[in-house]
Amino acid sequence: MALTTYREAYAASSYVQQPVITPRRFKVYQHRQLDKIEALKRVPDDIRFEMKVVANVLPFRVNEYVFNELIDWENVPNDPLFQLTFPQKDMLDPSAFQRMADLMSGKHTTNEVFDLATQLRQEMNPHPAGQMQMNVPHVDGEPLPGMQHKYRETVLFFPAQGQYCHSYCTFCFRWAQFVGKATRFNSNDADQLHRYLAQHKEVTDLLVTGGDPMVMRTRKLKHYLEGLLQPEFDHIKTIRIGTKALTFWPYRFITDPDADELMRLLEKLVRGGKHVSIMAHLNHHNELRTEVCEEAIRRLRATGAQIRCQAPLLRHINDDPKVWADMWEREVQLGMIPYYMFVERDTGAKRYFEVPLERTWEVFQQAYQQVSGIARTVRGPSMSAGPGKVEVQGVTEVAGEKVFALRFIQGRNPDWVQRPFFAKYDPDATWLHQLKPAFGEDKFFFEDEYAQMAAMD
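- By the naming in an unreviewed UniProt entry, the protein chain is Lysine 2,3-aminomutase related protein enzyme, taken from Idiomarina baltica OS145.
- Per UniProt, the comment on the protein chain under Sequence similarities (unreviewed entry) is "Belongs to the radical SAM superfamily. KamA family."

Describing the pattern of salt bridges
Consideration 1: Applying the stated rule across the entire model yields 24 salt bridges.
Consideration 2: In this structure, the salt-bridge partner of Lys52 is Asp35, at a minimum N-O distance of 2.7 Å. Taken together, the residues span a long stretch of sequence, with Lys52 in helix α2 (residues 45-55) and Asp35 in the loop between β1 (28-30) and α2 at a distance of 17 residues.
Consideration 3: With relative accessibility at 26%, the residue Lys52 sits in the partly exposed group.
Consideration 4: Using a relative accessible area of 42% as the deciding quantity, one classes Asp35 as partly exposed.
Consideration 5: Across the pair Asp326 and Lys322 runs a salt bridge, and its minimum N-O distance is 2.7 Å. Linking Asp326 with Lys322, this pair stays in helix α12 (residues 321-333), spanning 4 residues, or about one helical turn.
Consideration 6: For Lys322, a relative accessible area of 48% corresponds to the partly exposed category.

Re the nonpolar core
Consideration 1: Judged by nonpolar contacts, the single largest core of 114 residues is most densely connected at Phe86, Leu225 and Phe253.
Consideration 2: Per-element accounting of this core gives the leading share, 6 residues, to helix α10 (residues 259-271).
Consideration 3: Val343, Met383, Val392 and Trp431 belong to the second largest nonpolar core, which has 23 residues in total.

Quick word on unusual backbone geometry
Consideration 1: Cis geometry is adopted by the peptide bond preceding Gly211, which originates at Gly210 and carries an omega value of 25 degrees.
Consideration 2: Structurally, Gly211 is set in the loop between β7 (205-208) and α8 (218-225).
Consideration 3: At the junction of Gly380 and Pro381, the peptide bond is cis and its omega measures out at -5 degrees in the coordinates.
Consideration 4: Within the secondary structure, Pro381 sits in strand β12 (residues 379-384).
Consideration 5: Located in the positive-phi region is Ala399, a residue other than glycine, with phi close to 50 degrees.
Consideration 6: Residue placement: Ala399 occurs in the loop between β13 (388-398) and β14 (401-411).
Consideration 7: Assessed through its relative accessible area of 81%, Ala399 is described here as exposed.

Section: the packing of aromatic side chains
Consideration 1: For the coordinates displayed, the defined rule picks out 31 aromatic pairs.
Consideration 2: When the centroid spacing of 5.8 Å and the interplanar angle of 90 degrees are considered together, the rings of Tyr65 and Tyr251 count as edge-to-face. Within this pair, whereas Tyr65 is found in helix α3 (residues 64-70), its partner Tyr251 is found in the loop between α9 (245-248) and α10, the two being separated by 186 residues in sequence. Both residues of the pair, Tyr65 and Tyr251, count as buried.
Consideration 3: For the ring pair Tyr352 and Phe353, a centre distance of 5.0 Å and an interplane angle of 90 degrees mean the geometry is edge-to-face.
Consideration 4: Judged by its relative accessible area of 0%, Phe353 is buried.
Consideration 5: Members of the aromatic cluster, connected to one another through ring pairs, are Phe408, Trp416, Phe421, Phe444, Phe445 and Phe446.
Consideration 6: In this arrangement the basic side chain of Arg345 is found over the ring face of Phe173, its NZ or CZ atom lying 3.7 Å from the centre.

A word on the pairing of β7
Consideration 1: Residues Asp205 and Leu207 line one face of β7 and the alternating positions Leu206 and Val208 line the opposite face, and both faces are buried.
Consideration 2: Where strand β6 (residues 154-157) and β7 come together, 4 bridges link them in parallel fashion. Among the inter-strand pairings, Thr154 is bridged to a residue of β7, identified as Asp205.
Consideration 3: Where the polypeptide runs from β7 across α8 and back to strand β8 (residues 238-243), its parallel neighbour, the crossover connection is right-handed.

Re the sheet that holds strand β11 (residues 337-343)
Consideration 1: The 11 strands lie next to each other as β5-β6-β7-β8-β9-β10-β11-β12-β13-β14-β15, forming an open sheet whose pairing is mixed. Here the strands that pair on one side only, and so sit at the sheet edges, are β5 (147-151) and β15 (420-424). Each strand axis lies, on average, 30 degrees off the axis of its neighbour in the sheet, ignoring direction.
Consideration 2: Bridge count for β7 against β8 is 4 bridges, and the pairing is parallel. Considered in β8, the bridge of Leu207 is made with Arg240.

Some details on the environment of Phe171
Consideration 1: Mapped onto the fold, Phe171 is located in the loop between β6 and α7 (190-199).
Consideration 2: For Phe171, a relative accessible area of 10% puts it in the buried group.
Consideration 3: With 16 residues separating them along the chain, Phe171 and Ser187 place their C-alpha atoms 24 Å apart.

Thoughts on empty space enclosed by the protein
Consideration 1: All told, the structure shown has 3 cavities of 30 Å³ or more when counted by the stated rule.
Consideration 2: Leu58, Pro59, Met91, Cys169 and Thr170 are, among the 14 residues lining the largest cavity, the residues nearest its centre.
Consideration 3: Tallied by class, residues from the lining of the largest cavity come to 12 nonpolar, 2 polar and no charged.

About the cut-offs
Residues numbered from 1 in each chain as written. Predicted model: local features only at pLDDT ≥ 70, side-chain atom pairs only at ≥ 80, totals over all residues. Heavy atoms only, no water. UniProt positions renumbered as here; feature names shortened; annotations may be inferred. Salt bridge = Lys/Arg side-chain N within 4 Å of Asp/Glu carboxyl O. Helix = DSSP H or I, 4+ residues; strand = E, 2+ residues; numbered from the N terminus. Buried < 20%, exposed > 50% of the residue type's maximum accessible area, 1.4 Å probe, protein only. Core = buried A, V, L, I, M, F, W, Y, C linked by side-chain atoms within 4.5 Å. Phe/Tyr/Trp six-rings, centres within 6.5 Å; stacked < 30°, edge-to-face > 60°. Lys NZ or Arg CZ within 6 Å of the ring centre and 35° of its normal. Pairing = 2+ DSSP bridges. Right-handed = clockwise from strand over helix to strand, strands pointing away. Axes fitted to C-alpha atoms, helices over the stretch in contact; angles between N-to-C directions. 1 Å grid on protein atoms, 1.4 Å probe; cavity = no way out; pocket = protein on both sides within 12 Å on 5 of 7 lines; lining within 4 Å. Points joined across faces, edges and corners; volume = space filled by probe spheres on them. Nonpolar A, V, L, I, M, F, W, Y, C, P; charged D, E, K, R; others polar.

Encoded structure:
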């Protein structure tokens, strides 16, 4: 059968009313072009200055589709998509903000701003959970750039051509990828990736991530992925592609010059026996309201690929059970799979977005109660911490002590997975390292082994 089977079947479906999507020119704005965004002119000058201060420390990039189609400017600054893409003063620690504001208010050079920004970034935990120290694989004692291998079954690959996004999310835990080469993972060595995968038969899943791999031209993506159809890669069962393009630039899948070539690549991978999962980062149901987004979803599903949806819970954006319930229901309606609710990571602008673990669990529980079983595929709330993915299962009382019930969804040691453990109740805790063992224990069961792993790296 021809590789166009999926698309031909989709086009021939009498029950699918296919909209006419007019191609759109991609136009992006970065921190030096903030004043050129017409819609921002309704924002007071002092607020715009605050945004520029923050945008010189944390990465800023937004495209015209996002601010014209997704943001409700009548609801600014409270609009969730505005909060998701435009910098806010409190994303920086007050002292850090003041230092940069003072510099920018007086005479300064570009180098002075860059040097201070670099210093402030290093104070924001740019690579959490041992990414630089513990996740990078080695061959013959030499690190492999652009790769991470934290869990036995899964390798992450950061293609050099995909280390930016169509727009940046203000909460992004990979913000350090966008602010300088010294803090960036990336590789353009497809042969090295293939050699590593061929040698590691325990690996079943490859996650292509970034940045956003969907900013790459299809011919580049093909260079990394098409070779995995060879027999020596039969152990690679799943190819995941992490992306925000589905809602930040859906034209990538419809009218971009190589959109059809991308669909054919995905079709070829599926028909070659690979499970292809588009790991869509969706933070609010308002992202899914445009016709072009719906059409992008339909095209992707027609290739045989699945779309799995994940996001962290974020103050100012989606810290409301109804927002999550509405989002999960909409995802299911469009044929996607709710997959993960994450806890905001301890990096970057976490002070602005983080929510106490107890409240995070309450939002998850209350949202879960509002949806049918078909949407209860979602897991969480999950902390992607150094030892692994730790799920908060709830707050309960055991032997007269109020505790957090926790378990590993994934772990550096596979034996940790699904093993329950308990932490003392702490109403203010927002991350694993702030929790203490319950019931008088000195350490959590995994701590000694994890410390040994860290020492080896």
